[in-house]
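As a plain string of letters, each chain reads:
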Amino acid sequence: MMKTVIIGAGAMGSLFGGLLSLSGQEVWLVDVWKEHVNAICSKGLAIEEKGTTRTISVKATTDVRSIGKADFVLYFVKTYNTEKAVSDSLALEKEDTLFLTLQNGLGNEEMICQKIDRKKVILGITGQGATLLGPGSIRHAGWGKTYVGELDGKMTDRTNQIVQMFCKAGIETDASSHIHDLVWEKLFVNVGINALAAILGLKNGQLLDHPETLRLLETLVSEAVEVARKKGVRIEANPVERVKAVIEATRENRCSMGQDLDRKQRTEIDAINGAVVREADRLGIPVPYNQMITDLIKVIEKSFEFWR
Ligand code: NAD
């Protein structure tokens, strides 16, 4: 059994924490949102799934220092909070603590490894999906596969242990010897969909309905693919077609960045199109479409309250 602490118990953190706890794992949820933590402590965590709601008993706190040391730390904050979450999580560290991120976008690994020895860090992606309904309450909305892998690509006992722990909790997971490639593959999808659908107020599927949005998404993804190629990422045959297939399969979905803009909240643009721009700059490759869409989102964000 691994004493598991989840930093950022929003939609995804609560989902993983709830399912792991239900499978018998010792889990602590940590969140800065007091109302949510109080609701979980007093009434349990409610997970709605295909119309039925389960209430799960799981430990939750706003004070990471009250937990003691952990065997396993999982980050599920939004990417713009990763740095703070990593600093907070240092209180949990012992010699053999493992730190995993399943957050979206690019840059989480670098941020974590600035404060934690990279030998202790594991990277992953997840196709699971969840939405926050209110304090103490989430909806489980997606069941895609989860992958975890060592930064150096080795297949190890500790990643297998995580795979087994997740699978036992009903979270279908595999270990991967090329996790960076998978992170980029997921990034291509977010690069093509999120900012574009967000700005235009569209559901995913509507991006395929106009020649203009098709052209824009193809160019956004192609720019990211070129950057990835130059970085030595192994790329499957046709990433643009794959992104389109994902869009088709999630036709009715309003993407997370769209939901953020709708609620006038900060987006993860810096870890998505903004990260493509950053990587391209380092390589001296022009990525004008990604630059432009990043700039547009940044200006929209400036009108929101969260800065004040
Ligand atoms: P969320 O906003 O629902 O949850 C994030 C939580 O982190 C919030 O409750 C917030 O209060 C908390 N938080 C912020 N700073 C903190 C800190 N320092 N310590 C502790 N808690 C802190 O976000 P989410 O939808 O669960 O997404 C989390 C990550 O997972 C993102 O990178 C997202 O892109 C990725 N992701 C989400 C989904 C999804 O379906 N929601 C799917 C795959 C990946």
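These numbers were taken from a predicted model, which means no experiment stands behind them.

The rules behind each value
- Residues numbered from 1 in each chain as written.
- Predicted model: local features only at pLDDT ≥ 70, side-chain atom pairs only at ≥ 80, totals over all residues.
- Heavy atoms only, no water.
- Helix = DSSP H or I, 4+ residues; strand = E, 2+ residues; numbered from the N terminus.
- Rg over C-alpha atoms; globule rule 2.2 N^0.38 Å.
- Buried < 20%, exposed > 50% of the residue type's maximum accessible area, 1.4 Å probe, protein only.
- Contact = heavy atoms within 4.5 Å.
- Areas by Shrake-Rupley, 256 points an atom, 1.4 Å probe, with all protein chains shown as cover.
- Arc of directions from axis to C-beta.
- Near = heavy atom within 4 Å.
- Polar contact = N/O pair within 3.5 Å; in protein donor to acceptor, adjacent residues only side chain to side chain.
- Nonpolar A, V, L, I, M, F, W, Y, C, P; charged D, E, K, R; others polar.

**What to know about the overall build of the protein**
Okay, step 1: Counting secondary structure elements, the protein contains 11 helices and 10 strands.
Okay, step 2: Compactness check: the protein gives a C-alpha radius of gyration of 19 Å against a globular reference of 19 Å for 308 residues, within 12% of the reference.
Okay, step 3: Based on the C-alpha atoms only, the size of the protein along its principal axes is roughly 50 × 40 × 35 Å.
Okay, step 4: By the burial criterion, 53% of the 308 residues in the protein qualify as buried.
Okay, step 5: Here the analysis covers contacts within the protein between residues at least 6 apart in sequence; of these, 70% occur between residues at least 24 apart.
Okay, step 6: As displayed, the protein has an accessible area near 14100 Å², and 51% of this comes from carbon and sulfur atoms.

**What to know about helix H8 (residues 239-249)**
Okay, step 1: All buried positions along H8 are accounted for by Pro239, Val240, Val243, Lys244 and Ile247. Down the axis of H8, the smallest arc covering the buried residues is 145°, so these residues share one side.

**Comments concerning the site of the ligand**
Okay, step 1: The immediate surroundings of the ligand are formed by 24 residues, with Ala11, Met12, Asp31, Asn104 and Glu268 found nearest.
Okay, step 2: A distance of 2.6 Å separates an oxygen atom of the ligand from a polar atom in the side chain of Asp31.
Okay, step 3: Taking Asn104, its side chain carries an N or O atom lying 2.9 Å from an oxygen atom of the ligand.
Okay, step 4: Contact with the protein chains hides 85% of the accessible area of the ligand, taken as 840 Å² for the molecule alone.
Okay, step 5: Taken together, the elements giving at least two residues each to the shell around the ligand come down to helix H1 (11-22), helix H3 (82-89) and strand S8 (121-134).
Okay, step 6: The leading source of residues in the shell around the ligand is S8, at five residues.
Okay, step 7: Each residue belonging to the shell around the ligand can be placed in one class, and the counts come to 10 nonpolar, eight polar and six charged.

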